[in-house]
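What follows is the residue order along each chain.
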Amino acid sequence: MSAQASYYVPEQSRWPIVASLSLFLLAFGAGTTINGFSGQGDTGLGLVLLLLGALMMGIILVGWFGNVISESRAGLYSAQMDRSFRWGMSWFIFSEVMFFAAFFGALFYVRTLAVPWLGGEGERGISQMLWPGFVAEWPLMNPPSESIQGPQALVDPWHIPLLNTVLLITSSFTITLAHHALLRDARTAVARWLLATILLGVVFIGFQAYEYVEAYTRLGLTLNAGIYGATFFILTGFHGLHVTLGTLMLVVILLRVLKGHFDSQHHFGFEGVAWYWHFVDVVWIGLFLFVYVI
Amino acid sequence: MSTLETTTVTGEQHESHHHGPAAGIGRWLFTTNHKDIGSLYLWFSLLMFLTGGVMALLIRAELFQPGLQLVEPGFFNQMTTMHGLIMVFGAVMPAFVGLANWMIPMMIGAPDMALPRMNNWSFWILPFAFAILISTLFMDGGAPNFGWTFYAPLSTTYAPPSVTYFIFAIHIMGISSIMGAINIIATILNMRAPGMTMMKLPLFVWSWLITAFLLIAVMPVLAGVVTMMLMDIHFGTSFFNAAGGGDPVLFQHVFWFFGHPEVYIMILPAFGIISQIIPTFSRKRLFGYASMVYATASIAILSFLVWAHHMFTVGMPLVGELFFMFATMLIAVPTGVKVFNWVTTMFRGSLTFETPMLFAIAFVVLFTIGGFSGLMLAIAPVDFQYHDTYFVVAHFHYVLVPGAIFAIMAGTYYWLPKWTGHQLNECMGRWHFWLSFIGVNITFFPMHFIGLAGMPRRIPDYALQFADFNMVASIGAFIFGFSQLLFVWNVIHNVRSGEAAPARVWEGAEGLEWEVASPAPYHTFTTPPRVE
Amino acid sequence: MGTIRITTCSFMLSLLLVGNAQAAWTLNLTPGVTEISRSVYNLHMTIFWICVAIGVVVFSIMFWSIFHHRKSRGAKAHNFHEHTLVEVIWTLIPLGILVAMAVPATATLIKMYDPSDAELDVQITGYQWKWRYQYLDQEIDFFSNLSTPREQISNEAQKQAHYLLEVDRHLVLPTDTKIRLLLTANDVIHSWWVPALAVKKDAIPGFINEAWTRIEEPGIYRGQCAELCGVDHGFMPVVVEAVPPAEFEQWLADARAQQDAAAAAAGRSWTLEELMTEGEQVYQRVCAACHQPNGTGMPPAFPALVNSPVVLGDVERHIDIVLNGVQGSAMQAFREQLSAAELAAVITYERNAWGNNTGEAVAPSRIVQLLQGDGQSEQEGGQ
Ligand code: HEA
Ligand code: HEA
Ligand code: CUA
Ligand SMILES: [Cu+2]
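As a starting point, this report considers the structure included with it. Residue positions are given per chain, counted from 1 along the sequence in the order it is written. Labels follow written order: the first chain is A, the first ligand is 1, and so on. Only residues with pLDDT of at least 70 get local features here, since the model is predicted, and only at 80 or more are side-chain atom pairs given and counted; chain-wide, interface and lining totals rely on the full set of residues. Excluded from the side-chain calculations are hydrogens and water; all other atoms, namely the structure's heavy atoms, are used.

## Quick word on the overall build of chain B
What counts, and what does not: Secondary structure follows DSSP: runs of H or I at least 4 residues long count as helices, runs of E at least 2 residues long count as strands, and numbering of each begins at the N terminus. Put simply, the radius of gyration uses C-alpha atoms, and a globule should come to 2.2 Å times the residue count raised to 0.38. Here the term buried applies to any residue with accessible area under 20% of the maximum for its type, exposed to any over 50%, and partly exposed to those in between, with areas from a 1.4 Å probe on protein chains only. By definition in these notes, contact holds between two residues if any of their heavy atoms fall within 4.5 Å. Note on areas: Shrake-Rupley, 1.4 Å probe, and residue coverage restricted to the protein chains presented here. Here Asp and Glu are counted as negative and Lys and Arg as positive; His is not counted, and neither are the chain ends. Just so you know, the charge point we use is NZ for Lys, CZ for Arg, CG for Asp and CD for Glu.
In terms of regular secondary structure, chain B is built from 16 helices and zero strands. For 532 residues, the compact-globule formula gives about 24 Å, and the C-alpha radius of gyration of chain B, at 23 Å, lands near that figure. In terms of overall dimensions, chain B has C-alpha extents of about 70 × 50 × 45 Å along its principal axes. Across the 532 residues in chain B, those meeting the buried criterion constitute 78%. A fraction of 83% describes how many contacts in chain B between residues 6 or more apart in sequence connect residues 24 or more apart. Here chain B has roughly 12,900 Å² of accessible surface; of this, 69% comes from carbon and sulfur atoms. In chain B, the 18 positive side-chain charges and the 24 negative ones have mean positions that sit 11 Å from each other.

## With respect to the overall build of chain A
A count of helices and strands for chain A gives seven helices and zero strands. Viewed in the frame of its principal axes, chain A has a C-alpha envelope of about 70 × 45 × 40 Å. Expressed as a percentage of the 294 residues in chain A, the buried residues total 53%. Sequence-distant contacts in chain A: of pairs separated by 6 or more residues, those separated by 24 or more amount to 72%. If you sum the accessible surface of chain A, you get close to 13,100 Å²; carbon and sulfur atoms cover 70% of it. One finds the centroid of the 12 positive side-chain charges in chain A at a distance of 13 Å from the centroid of its 16 negative side-chain charges.

## Concerning the coordination of the iron atom of ligand 1
All names here are of chain B. Rules: Coordinating N, O and S atoms are those within 2.8 Å of the metal (3.2 Å for Na, K and Ca), and as water is not part of the atoms, a site may appear to have fewer donors than expected.
Exactly one donor from the protein chain reaches the iron atom of ligand 1: His395 (NE2), at 2.2 Å. The copper ion (ligand 4) is placed at 4.5 Å from the iron atom of ligand 1. For His395, the location among the structural elements is in helix H14 (residues 390–420).

## Examining the site of ligand 2
All names here are of chain B. For the record, the criterion: To be near a molecule or strand, a residue needs just one of its heavy atoms within 4 Å of it. Under the rule applied, a polar contact is a pair of N or O atoms within 3.5 Å (in protein, one hydrogen donor and one hydrogen acceptor; residues adjacent in sequence only if both atoms are side-chain atoms). The residue classification treats Ala, Val, Leu, Ile, Met, Phe, Trp, Tyr, Cys and Pro as nonpolar and Asp, Glu, Lys and Arg as charged. All others, Gly included, are polar.
Around ligand 2 sit 33 residues in total, of which Arg60, His83, Trp148, His397 and Arg458 are the nearest. In this structure, Thr80 approaches ligand 2 through a side-chain N or O atom, which is 3.1 Å from an oxygen atom. The class makeup of the residues in the shell around ligand 2 is 21 nonpolar, nine polar and three charged.

## With respect to the environment of Val382 of chain B
Turning to its location among the elements, Val382 of chain B is positioned in helix H13 (residues 380–386). Between the C-alpha atom of Val382 of chain B and that of Phe312 of chain B, which follows or precedes it by 70 residues, the distance is 9.9 Å. With residues up to four places along the chain from it excluded, the contact list for Val382 of chain B reads Leu29, Val40, Leu43 and His44 of chain C.

## Observations concerning the interface of chain C and chain B
Filter applied, for reference: Put simply, buried area is the surface a 1.4 Å probe can reach on two separate parts but cannot reach once they are joined, added for both. One side-chain nitrogen of Lys or Arg within 4 Å of one carboxyl oxygen of Asp or Glu is enough to make a salt bridge.
Between chain C and chain B, the contact holds 104 residues from the first and 109 residues from the second. Between chain C and chain B, the buried area comes to about 9,200 Å², and carbon and sulfur atoms account for 72% of it. Between the two partners, chain C and chain B, sit one salt bridge. The closest approach of N and O atoms between Glu507 of chain B and Lys71 of chain C, which form a salt bridge, is 2.9 Å. Between chain C and chain B we count 26 residue pairs in polar contact (both at pLDDT 80 or more) in total. The element contributing the most residues to the side of chain C that touches chain B is helix H2 (residues 35–68) of chain C, with 16 residues. Residues of the side of chain C that touches chain B, tallied by class, amount to 59 nonpolar, 33 polar and twelve charged.

## A word on the coordination of the copper ion (ligand 4)
The coordination sphere of the copper ion (ligand 4), as far as protein atoms go, consists of His260 of chain B (ND1), His309 of chain B (NE2) and His310 of chain B (NE2), spread over 1.8 to 2.1 Å. Mapping the donors of the copper ion (ligand 4) onto the primary sequence yields the spacing H-x48-H-H.

## Observations regarding the pairing of strand E7 (residues 199–203) of chain C
All names here are of chain C. Inclusion rule: Two strands are counted as paired when DSSP detects at least two bridges linking them.
Of all five residues in E7, five are buried; the element is thus mostly enclosed. With burial as the criterion, each face of E7 is covered, one bearing Val199, Lys201 and Ala203 and the other bearing Lys200 and Asp202. Linking strand E6 (residues 190–194) to E7, which pair antiparallel, is a turn of four residues; within it Ala198 sits at a positive phi near 55 degrees.

## Observations regarding the site of ligand 1
If you check the shell around ligand 1, you find 33 residues, and the closest are Trp148, Tyr264, Asp383, His387 and His395 of chain B. Around ligand 1, the nearby residues trace back to chains B and C. Asp383 of chain B is positioned with one of its side-chain polar atoms (N or O) 2.6 Å from an oxygen atom of ligand 1. Secondary structure elements with two or more residues in the shell around ligand 1: helix H7 (248–265), helix H11 (332–346), helix H12 (355–378) and H14 of chain B. For the shell around ligand 1, the element with the most residues is H12 of chain B, which contributes eight residues.

## Quick notes on the packing of aromatic side chains
All names here are of chain A. Condition: For Phe, Tyr and Trp, where Trp contributes only its six-membered ring, two rings pair if their centres lie within 6.5 Å, and the inter-plane angle classes them as stacked under 30 degrees, edge-to-face over 60, or tilted in between.
Enumeration according to the criterion identifies 94 aromatic pairs over all chains in this entry. Taking 6.1 Å as the distance between ring centres and 80 degrees as the angle between the ring planes, the aromatic pair formed by Phe99 and Phe100 counts as edge-to-face. Phe99 sits in the buried class, given a relative accessible area of 11%. With a centroid separation of 5.0 Å and 85 degrees between ring planes, the pair formed by Phe232 and Phe233 is classed as edge-to-face. Pair check on accessibility: Phe232 and Phe233 agree, each one buried.

## A few points about the interface of chain B and chain A
One frequently used descriptor of interface size is the decrease in accessible area upon assembly of the parts. Opposite the 77 residues of chain B that make contact, chain A presents 71 residues. Its salt-bridge partner being Glu71 of chain A, residue Arg117 of chain B comes within 2.8 Å of it at the nearest N-O pair. On inspection of chain B and its partner chain A, the count reaches 17 residue pairs in polar contact (both at pLDDT 80 or more).

## As for the packing of H12 of chain B against H2 of chain C
The criterion, for reference: Axis geometry follows a simple rule: fit a line to the C-alpha atoms, using only the stretch in contact for helices, then measure angles between N-to-C directions, giving values from 0 to 180 degrees. An angle below 35 degrees is treated as roughly parallel, one above 145 as roughly antiparallel, one from 65 to 115 as roughly perpendicular, and anything else as oblique. Rotating anticlockwise by less than a right angle from the far helix to the near helix defines a left-handed crossing, while the corresponding clockwise rotation defines a right-handed one.
Taken N-terminus to C-terminus, the directions of H12 of chain B and H2 of chain C make an angle of 165 degrees; their axes are 10 Å apart at the nearest point. Relative to H2 of chain C, the element H12 of chain B is oriented roughly antiparallel. Relative to H2 of chain C, the crossing made by H12 of chain B is right-handed. Two secondary-structure elements touch here, H12 of chain B through Ile361, Val364, Val365, Thr368, Phe372, Leu375 and Met376 of chain B and H2 of chain C through His44, Ile47, Phe48, Cys51, Ile54, Gly55, Phe59, Met62, Phe63 and Ile66 of chain C. Residues of the contact of H12 of chain B with H2 of chain C, tallied by class, amount to 14 nonpolar, three polar and no charged.

## Regarding the environment of Phe433 of chain B
All names here are of chain B. Relative to the helices and strands, Phe433 resides in helix H15 (residues 426–453). Owing to a relative accessible area of 3%, Phe433 belongs among the buried residues under this scheme. When the C-alpha atoms of Phe433 and Phe487 are compared, they prove to be 9.0 Å apart, with 54 residues separating the residues in sequence.

## Section: the sheet that holds strand E8 (residues 209–213) of chain C
Residue and element names in this part refer to chain C. With respect to topology, five strands assemble into an open sheet ordered E3-E2-E1-E5-E8, the strand pairing being mixed. The open sheet is flanked by strand E3 (140–144) and E8, the only strands paired with a single partner. Direction aside, the axes of adjacent strands within the sheet are offset by 25 degrees on average. Sheet topology note: the strand E2 (residues 130–135)/E3 ladder contains five bridges and is antiparallel.

## Some words on the packing of helix H6 (residues 203–234) of chain B against helix H8 (residues 268–282) of chain B
All names here are of chain B. One way to put it is that H6 packs onto H8 with a least axis distance of 8 Å and a crossing angle of 175 degrees. One element, H6, and the other, H8, form an angle in the roughly antiparallel class. Facing Leu203, Phe204, Ser207, Trp208, Ile210, Thr211 and Leu214 of H6, the residues of H8 in contact are Leu268, Pro269, Gly272, Ile273, Ser275 and Gln276. Here the contact of H6 with H8 is composed, by residue class, of eight nonpolar, five polar and no charged.

## Focus on the pairing of E6 of chain C
Residue and element names in this part refer to chain C. By the criterion of burial, E6 is predominantly enclosed, with five of the five residues buried. Where E6 lies against E7, five bridges are found, and the strand directions are antiparallel. Pairing of His190 across the sheet is with Ala203, part of E7. Bridge count for E6 against strand E9 (residues 219–225) is two bridges, and the pairing is antiparallel. Of the residues in E9, the one forming a bridge with Trp192 is Cys225.

## Some thoughts on H15 of chain B
The test is simple: Here, expected helix span is obtained from the residue count minus one, scaled by 1.5 Å.
Between its first and last C-alpha atoms H15 of chain B spans 41 Å; for 28 residues at 1.5 Å apiece the expected length is 40 Å, and the two agree. Phi turns positive one or two residues past the end of H15 of chain B, at Gly454 of chain B, with a value near 115 degrees.

## Examining the sheet that holds strand E10 (residues 237–243) of chain C
Residue and element names in this part refer to chain C. Strands sit in the order E4-E10-E9-E6-E7 across an open sheet of five strands; the sheet is mixed. The outermost strands of the open sheet, each flanked by one partner alone, are strand E4 (171–174) and E7. Adjacent strand axes in the sheet meet at a mean angle of 25 degrees, parallel and antiparallel pairs treated alike. Sitting on the sheet, helix H5 (residues 245–267) is in contact with E4 and E10, with an inclination near 140 degrees to E4.

So, in structure tokens, the structure goes:
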């Protein structure tokens with residue numbers, strides 16, 4: 001850590017406080033909206049606050065990142081700054097890993113402990129006294145209580161999910177190819193490979209949406225379909241949300257490449273998005289194995 | 001760390017874009033300065049401490065005598081819940097982040113935090129999050145009333161409508177904590193002055209590095225568990241409902257996977273502060289620097305393996321019960337290493353007892369008592385008797401109030417002259433200390449007895465055999481509570497006036513922060529000092 | 001331990017100020033009346049004294065330094081640090097102490113985890129805010145509610161000795177018999193705790209937990225719900241009455257006879273006055289916790305029954321709610337908790353009390369009819 005140039009400490013900024021306000025609107029609006037749907041509160045007002053918050057957040061993200069980008073392009077950022085960003089992004093991804101870990105943990109817990117107990121196996125198997133006739137199985141097609149309707153059928157892992165796996169793994173390759181192209185300063189190649197990655201992401205999301213429609217309309221696999229539906233949708237749902245976010249980030253990067261941003265030395269923005277994309281990919285592999293296949 | 005030598009401390013030189021604080025309210029709203037943000041965190045924390053404290057006093061007033069006098073049972077539960085949440089997330093955590101903001105850049109020779117704008121955002125989310133949380137008190141059906149541990153299904157199927165707001169408040173609070181922690185890690189790993197190697201970092205910095213890691217690891221898990229609650233309440237999932245194949249105990253596992261590391265998040269920075277103060281007033285370097293670092297790391301790692309000691313009575317399989325019992329007991333070893341280190345540092349030193357040191361010594365003694373009761377709770381078969389009684393309440397208040405809170409006060413008194421440039425008013429500091437010390441023990445010591453005698457926690461009314469000690473505890477709570485007004489007075493007085501303080505405020509103090517002037521200049525190290 | 005000294009004198013002081021101790025105050029865990037509870041007590045005391053001993057050693061050194069190594073007495077700092085041997089020792093000794101604690105703890109825990117060979121099974125179900133006891137294979141099934149009068153809680157009457165720790169029906173158990181307890185809950189998590197038996201186990205809806213006990217001395221043992229379960233968590237005590245086996249047999253016979261009598265009562269005809277008197281009792285005992293003694297409820301959580309459209313409207317709907325509850329709310333199905341006569345009485349009471357003067361009476365026979373008539377309405381109620 002020798003020869004440090006002075007570290008860039010930004011001027012006062014209005015973004016953070018406005019961003020806090022918009023988070024407040026998002027949170028309060030979401031609470032009011034959702035309560036409204038459940039019959040306690042004013043959905044209309046909630047939606048207004050929610051959308052206002054989301055709109056503000058959108059503007060802030062564009063503006064704030066815009067600031068950072070122009071500072072970066074103005075050469076204000078030292079190599080040390082670059083390392084700060086890298087640490088920041090890495091730890092952010094670690095926090096995302098832990099977020100998914102909570103849901104994977106829940107999945108493993110119900111599969112290996114709770115459901116067998118309810119079905120009479122293991123140390124708390126006596127619980128079956130309360131659910132006569134319940135048979136433990138995974139995937140759980142017939143939940144313990146008759147008041148909860150399990151799924152009629154499951155998603156076949158060897159069709160859309162397998163295809164989606166191939167799509168995402170391919171996209172991890174294409175983004176790496178884009179990165180290599182960037183290191184060689186081959187800008188058209190960068191744009192092409194990025195575009196390919198984005199298309200793969202979009203197709204993935206499309207398939208996922210199709211799968212959800214199928215699940216709801218044909219398979220009876222819904223949020224209400226007992227614990228299988230719950231774990232299925234929370235895992236694939238949050239993953240899908242992350243793919244969507246990742247795709248948006250890729251689009252931003254592509255636009256920046258087209259505007260002539262980044263060079264073979266300075267392209268943290270690009271790399272951060274690439275890391276994120278790889279992370280989303282790895283989570284999917286876990287999902288494919290533990291939600292669909294096994 | 002007597003080996004620290006600074007050659008170039010250029011706090012007063014400014015580059016063109018560096019200047020003093022802006023004027024007016026804008027300074028606080030838009031600031032990117034770690035000292036301003038540190039102050040914001042600390043003031044916010046004080047406000048929350050008083051708010052949570054007033055709720056505690058209401059609880060104690062209701063429990064002054066058997067029978068229902070002041071509040072309805074429903075409101076009592078809301079007070080218990082809000083008191084716990086506000087103290088944990090509003091008072092203790094922000095106070096430590098505030099101290100980190102103020103001190104870490106100064107201690108490692110950095111110009112500011114690594115990501116100053118995000119730093120501002122981390123802070124300003126908090127007042128909004130707590131505005132949501134506190135506003136639930138005025139909603140139909142009242143505020144959350146299911147305890148700060150919000151076990152399902154009391155917090156899902158049976159919860160008041162305000163639970164939805166509670167969930168989103170937790171979400172944005174989590175975002176704030178994660179961003180704050182990322183910032184601290186990036187600062188420590190990347191912004192150290194040349195020569196400031198990891199094994200030269202002041203212990204406060206080390207303890208925060210490890211705490212930040214814990215925060216990033218567990219806050220997302222909390223977000224995950226409240227998300228599952230939201231789904232169960234509004235979208236018909238069955239995570240915590242056996243009818244659909246889920247399990248209410250699943251909630252507890254996920255919650256405590258967050259919750260146990262969380263309690264260490266509230267004590268590790270305290271250990272760091274105490275490890276700064278004791279050497280200073282012993283005029284002697286810390287006995288075992290390296291072993292302190294390893295002990296802190298071990299506590300953090302173990303903290304991921306012990307969560308189910310909060311759940312000994314849920315009917316876990318025997319092997320689980322044993323595993324969590326043994327793992328929990330192990331934590332006494334590294335914690336013991338810390339206590340022994342502090343004592344050995346004082347041994348054959350040249351001790352003086354200014355206010356920060358008084359709080360530090362009280363911390364060591366009373367935290368250890370809290371640790372001992374923790375160890376007793378860790379013994380699963382006996383925990384069947386202690387669990388959910390006032391014995392647990394006594395345990396965690398001993399580690400949190402004369403633990404975390406005393407450490408925060410010790411740290412505040414220790415660094416206040418550096419922040420304001422004014423010497424402490426020792427006399428008033430001592431008054432505050434002795435009243436707090438006596439008050440805290442009168443409040444929480446009897447709780448051990450009522451717990452052992454069989455009083456459950458979270459009840460607004462109790463059987464007659466618990467009456468005497470409850471009365472004592474309530475009297476203590478009012479003594480302790482009102483003594484905190486002295487703290488408020490001390491801080492405000494010190495900000496406004498007092499003798500000018502020199503750069504090295506305390507005779508035995510070592511470290512970069514004591515090389516710069518008091519008050520510390522707005523931008524401390526524009527060019528990094530060299531540490532040899 | 002200096003602090004202990006200081007706290008003790010503070011206690012003395014405050015106690016002097018407060019004066020008069022009403023009930024004999026206990027400071028410590030009870031040794032209890034079972035083999036397990038005594039092992040637990042011994043374990044507790046052992047670990048307590050070990051902690052005290054460690055505390056005395058550590059704090060003595062500390063206070064010795066505080067007195068002798070103070071600057072004001074001219075002490076000079078000796079700058080020693082890092083001594084590997086010392087550090088290894090103070091890691092290993094605590095480790096050894098912990099192992100010594102873990103051995104008896106493990107042994108006790110294993111004993112507690114063995115419910116095999118029980119001679120009597122009792123299923124205990126937690127409800128918001130009462131316990132249900134079912135003696136499996138004995139056809140006995142009843143609820144146990146707090147019986148402390150409201151006036152005592154609201155300070156309008158002198159509190160009696162067992163304030164908040166008394167119930168209308170005790171859980172009667174035989175001594176010297178291994179009893180297996182099967183714990184579950186109907187709504188939220190509760191926790192069944194009797195200190196004298198050293199049994200505390202959570203009652204979790206949808207799951208069953210096992211515990212066991214073998215009581216050695218006849219007597220009455222009191223405990224409380226130990227898991228926050230809503231508004232009246234503080235008001236759901238547990239009372240166990242241990243009696244010699246012969247007496248227990250007698251009690252079983254009496255209890256069965258009482259159950260039969262209640263069933264017979266539903267068969268005869270009741271006057272409105274009879275129903276109102278009986279109904280008021282049931283209401284105050286069971287319903288008032290939520291709907292309040294005067295029927296005003298605590299909206300929005302608990303609706304008022306005064307002027308309630310349900311109570312003033314169609315009687316069938318009213319009966320349905322009381323029998324089958326409202327799914328997903330705190331309003332439980334009372335069909336199993338109360339006898340047919342009690343159900344009829346409480347519904348009649350609600351329809352005629354507090355100015356709800358519908359003048360309608362619900363005959364117990366009508367309820368019997370409904371209770372027997374259908375497996376279906378149970379299904380419907382469960383939706
Ligand atoms: C700052 C917060 C903090 C800290 C540091 C601790 C520290 C510890 N805690 Fe505590 N705990 C809480 C906050 C904290 N706790 C809270 C908030 C709850 C309740 C949550 C709720 O339900 O609401 C709780 C509850 C709690 C329980 C659950 C009780 C129950 O609900 O039934 C248990 C059980 O094992 C436990 C154990 C421990 C242990 C073993 C330690 C150890 O880390 C202590 C180690 C320290 C020492 C042992 C003393 C010093 C050591 C020596 C001098 C060495 C020699 C000693 C020996 C060999 C014995 N704690
Ligand atoms: C760091 C955390 C922290 C702190 C500092 C405290 C501080 C205090 N707590 Fe506690 N407490 C918890 C964390 C904490 N607590 C938690 C997590 C729970 C569990 C919650 C649950 O069960 O879910 C709990 C529960 C809890 C209970 C059990 C409630 C129950 O089970 O029903 C009690 C009962 O006595 C209590 C008392 C106190 C008291 C008297 C203080 C005192 O230290 C407070 C001191 C008082 C003040 C600081 C007030 C000063 C203010 C004034 C004098 C007024 C000035 C006014 C203005 C300026 C406007 N707390
Ligand atoms: Cu039932 Cu608490
Ligand atoms: Cu813990």
